[in-house]
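The lines below spell out each chain.
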Amino acid sequence: MLFFYDTALGLYGLLLRLLAPFVPKAAAWVAGRRGLLAHINQTIGPDAAPRVWFHCASLGEFEQGRPLIEAYRQAHPGTKVVLTFFSPSGYEIRKNWSGADYIFYLPLDTRANAWAFLDAVQPRLVVFVKYEFWYHFLDEAFQRRIPAIVVSAIFRPEQVFFKPWGGFFRKILGRFTHIFTQNEASAQLLRGVGVQQVSVAGDTRFDTVVATALAPARSLPLVDAFVADGAPVLVVGSSWAEDLPVLRPLLARYGPELRVLIAPHEVTETNLRLVETTLPGPVQRYSLADVATVAQARVLLFDNVGLLSQLYRFGEYAYVGGAFGKGLHNTLEAAAFGLPLFFGPTYGKFQEAVELVAMKGAFSVHSGAELEAAFTYLWNTNEARLRLQDTILDYVHDQAGATRTIMAALRTLTPA
């Protein structure tokens, strides 16, 4: 099975190199790994400080791991943090983050790369966040007796680990010193296939969003001017093209009475123009706005990245995109401010979304008509919206604390 694993990864790397001239993300992935191990050696080489290695697949996993990175750094001020990303969308946005001492792409998972990377980094602890179980990196850490953990992990019965032919992949899980899962169902699945080094710690994302909601608000004068008339605000986060036709009937009906902040998932000229031509307006781009123009707009379109988590504090309602396509985006950033949530039908892989729907703090819709109906109920019943706000906030704060649990456990799992 290892032969097929290595062959598949080799073909994956080859495919990305072939796509690089035509696909910007593939080009970034390839360029980021050119001369990577030499760069890592040269960058870290002279530093004799102890190190811990955190790996995040992409930006979402980074935000999930961030509170643990910050807590570990505070508890171990003499230890340097090495942070790696697999995806360009994580690395390119966070490559200058001040919370880590070294930030790199992760080399492709081969035996030689794993040996060279761990030889250069020499971590005292390896932490993977939620996803990505790379055999050679974990096996090399195991052979060197470096403790390796995964945090905020979540598992489902249909995954390969739980298939009769999934022995090789269960072996990968066996290379972890400990697995911290989000829920008991995941822990039971693992124990059922003989993986015993597991405990339930919860989801560190709750710690991230609670901290963001409680932190001093970032100054956003244009947004303040946009909402200054006191009209209710709908925040649309991480929208895709498929979300826009669903939103259009709602905005056509309530547009004159509603302000809309919309942040597309991918900020490209094509996507920005699609928002401008699909949604009833007037629509104002954030980068082109001033205090006078935002006051005249009904839709403020964010043509930059990095502000979404700050926008939810302005809202009374939130629509989160992605669930009419590949999958729902981050709902917890909105939930941390107590906003009732709306999203499409593809959300079953996200425990928090399932739980929010069950407690009627979120509404999954299949069409524009369903969205309009669910929104209208809350629009006409402000008392119900305020009760939901309290329910959602209680849920988010009750779920926080995973970082503290993991940090306490690490005292027994890692060397002093």
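Residues numbered from 1 in each chain as written. Predicted model: local features only at pLDDT ≥ 70, side-chain atom pairs only at ≥ 80, totals over all residues. Heavy atoms only, no water.

The name given to the protein chain in an unreviewed UniProt entry is 3-deoxy-D-manno-octulosonic acid transferase, with Hymenobacter artigasi as the source organism. For the record of the protein chain, the UniProt heading Sequence similarities (unreviewed entry) holds the text "Belongs to the glycosyltransferase group 1 family." Under Function (unreviewed entry), UniProt gives the following word-for-word description of the protein chain: "Involved in lipopolysaccharide (LPS) biosynthesis. Catalyzes the transfer of 3-deoxy-D-manno-octulosonate (Kdo) residue(s) from CMP-Kdo to lipid IV(A), the tetraacyldisaccharide-1,4'-bisphosphate precursor of lipid A." (UniProt positions renumbered as here; feature names shortened; annotations may be inferred.)

For the rest of this paragraph, the subject is the packing of aromatic side chains. All chains considered together, the criterion is met by 35 aromatic pairs. Ring geometry for phenylalanine 117 and phenylalanine 137: centres 5.7 Å apart, planes at 90 degrees, overall edge-to-face. Of this pair, phenylalanine 117 sits in helix α6 (residues 111-121) while phenylalanine 137 sits in helix α7 (residues 135-143), and the two are 20 residues apart along the sequence. Taken together, a centroid distance of 5.5 Å and an interplanar angle of 20 degrees make the contact between phenylalanine 342 and phenylalanine 363 stacked. Residue phenylalanine 342 is located in strand β13 (residues 341-343), and its partner phenylalanine 363 is located in strand β14 (residues 362-364); the two are separated by 21 residues in the primary sequence. Neither phenylalanine 342 nor phenylalanine 363 differs from the other in exposure class; each is buried. Grouped by ring-pair contacts, the aromatic residues Trp53, Phe117, Phe128, Phe133, Phe137, Phe155, Phe161, Phe162 and Phe176 constitute a single cluster. In this arrangement the basic side chain of arginine 33 is found over the ring face of phenylalanine 86, its NZ or CZ atom lying 5.1 Å from the centre. A cation sits over an aromatic face here: arginine 259 above phenylalanine 226, 4.9 Å from the ring centre. (Phe/Tyr/Trp six-rings, centres within 6.5 Å; stacked < 30°, edge-to-face > 60°. Helix = DSSP H or I, 4+ residues; strand = E, 2+ residues; numbered from the N terminus. Buried < 20%, exposed > 50% of the residue type's maximum accessible area, 1.4 Å probe, protein only. Lys NZ or Arg CZ within 6 Å of the ring centre and 35° of its normal.)

Before going further, it helps to examine α7. Think of an α-helix as turning once every 3.6 residues; residues three or four places apart then point the same way. Burial within α7 is extensive, with 7 of its 9 residues counted as buried. Along α7, the residues that are buried comprise Tyr135, His136, Phe137, Leu138, Asp139, Glu140 and Ala141. Those residues of α7 that are buried are in contact with α1 (2-19), β1 (51-56), α6, β4 (123-129), β5 (148-153) and α8 (167-174). Directly after α7, the chain includes arginine 145, whose backbone phi takes a positive value near 60 degrees. (Contact = heavy atoms within 4.5 Å.)

This part covers the sheet that holds β5. In spatial order, the strands read β3-β2-β1-β4-β5-β6-β7; together these 7 strands make up an open sheet with parallel pairing. Only two strands of the sheet have a single neighbouring strand rather than two, namely β3 (102-105) and β7 (198-200). Sheet twist, expressed as the average angle between the axes of neighbouring strands with direction ignored, equals 20 degrees. Relative to the sheet, helix α3 (residues 36-44) contacts β1, β2 (80-85) and β3, its axis offset from that of β3 by approximately 170 degrees. (Pairing = 2+ DSSP bridges. Axes fitted to C-alpha atoms, helices over the stretch in contact; angles between N-to-C directions.)

This part takes up the sheet that holds β13. Strand pairing in a sheet relies on backbone hydrogen bonds. The paired strands run either parallel or antiparallel. Across the sheet, which stays open at both edges, the 7 strands sit in the order β10-β11-β9-β8-β12-β13-β14 with parallel pairing between neighbours. Of all strands in the sheet, those with a lone pairing partner are β10 (283-285) and β14, marking the two edges. Between one strand axis and the next, the sheet turns through 20 degrees on average, direction left out of account.

Turning to the UniProt feature "domain: 3-deoxy-D-manno-octulosonic-acid transferase N-terminal" (unreviewed entry) in the protein chain, a few remarks are in order. The feature "domain: 3-deoxy-D-manno-octulosonic-acid transferase N-terminal" (unreviewed entry), as given by UniProt, occupies residues 46-207 in the numbering adopted here. Secondary structure content for residues 46-207 is 40% helix and 22% strand, and the end C-alpha separation is 35 Å.

Below, the discussion takes up the pairing of β5. Burial within β5 is extensive, with 6 of its 6 residues counted as buried. Pairing of β4 with β5, which is carried by 4 bridges, proceeds in the parallel orientation. Considered in β5, the bridge of valine 129 is made with valine 151. Of the pairings in the sheet, the one linking β5 to strand β6 (residues 178-181) comprises 3 bridges and is parallel in character. If you follow valine 150 over to β6, its bridge partner there is isoleucine 179. What joins β5 to β6 is α8, and the crossover it makes is right-handed. (Right-handed = clockwise from strand over helix to strand, strands pointing away.)

Interaxial distance between α6 and α7 falls to 8 Å at its minimum, and their mutual angle equals 50 degrees. Of the possible angle classes, the one that applies to α6 and α7 is oblique. Crossing of α6 over α7 shows right-handed handedness. Each of Arg111, Asn113, Ala114, Trp115, Phe117 and Leu118 in α6 lies in contact with α7, whose residues at this interface are Tyr135, His136, Phe137, Asp139, Glu140 and Ala141. In the contact of α6 with α7, the residues fall into 7 nonpolar, 2 polar and 3 charged. (Parallel < 35°, antiparallel > 145°, perpendicular 65-115°, else oblique. Left-handed = near helix turned anticlockwise from the far one by under 90°. Nonpolar A, V, L, I, M, F, W, Y, C, P; charged D, E, K, R; others polar.)

On to the packing of helix α18 (residues 368-380) against helix α19 (residues 382-399). Running from N to C, α18 and α19 cross one another at 100 degrees; their axes reach a closest spacing of 4 Å. Between α18 and α19, the angle is such that the two are roughly perpendicular. Contact with α18, carried on its side by Tyr377, Leu378 and Asn380, involves Asn382, Ala384, Arg385 and Leu388 of α19 and no other residues of that element. Considered class by class, the residues forming the contact of α18 with α19 number 4 nonpolar, 2 polar and 1 charged.

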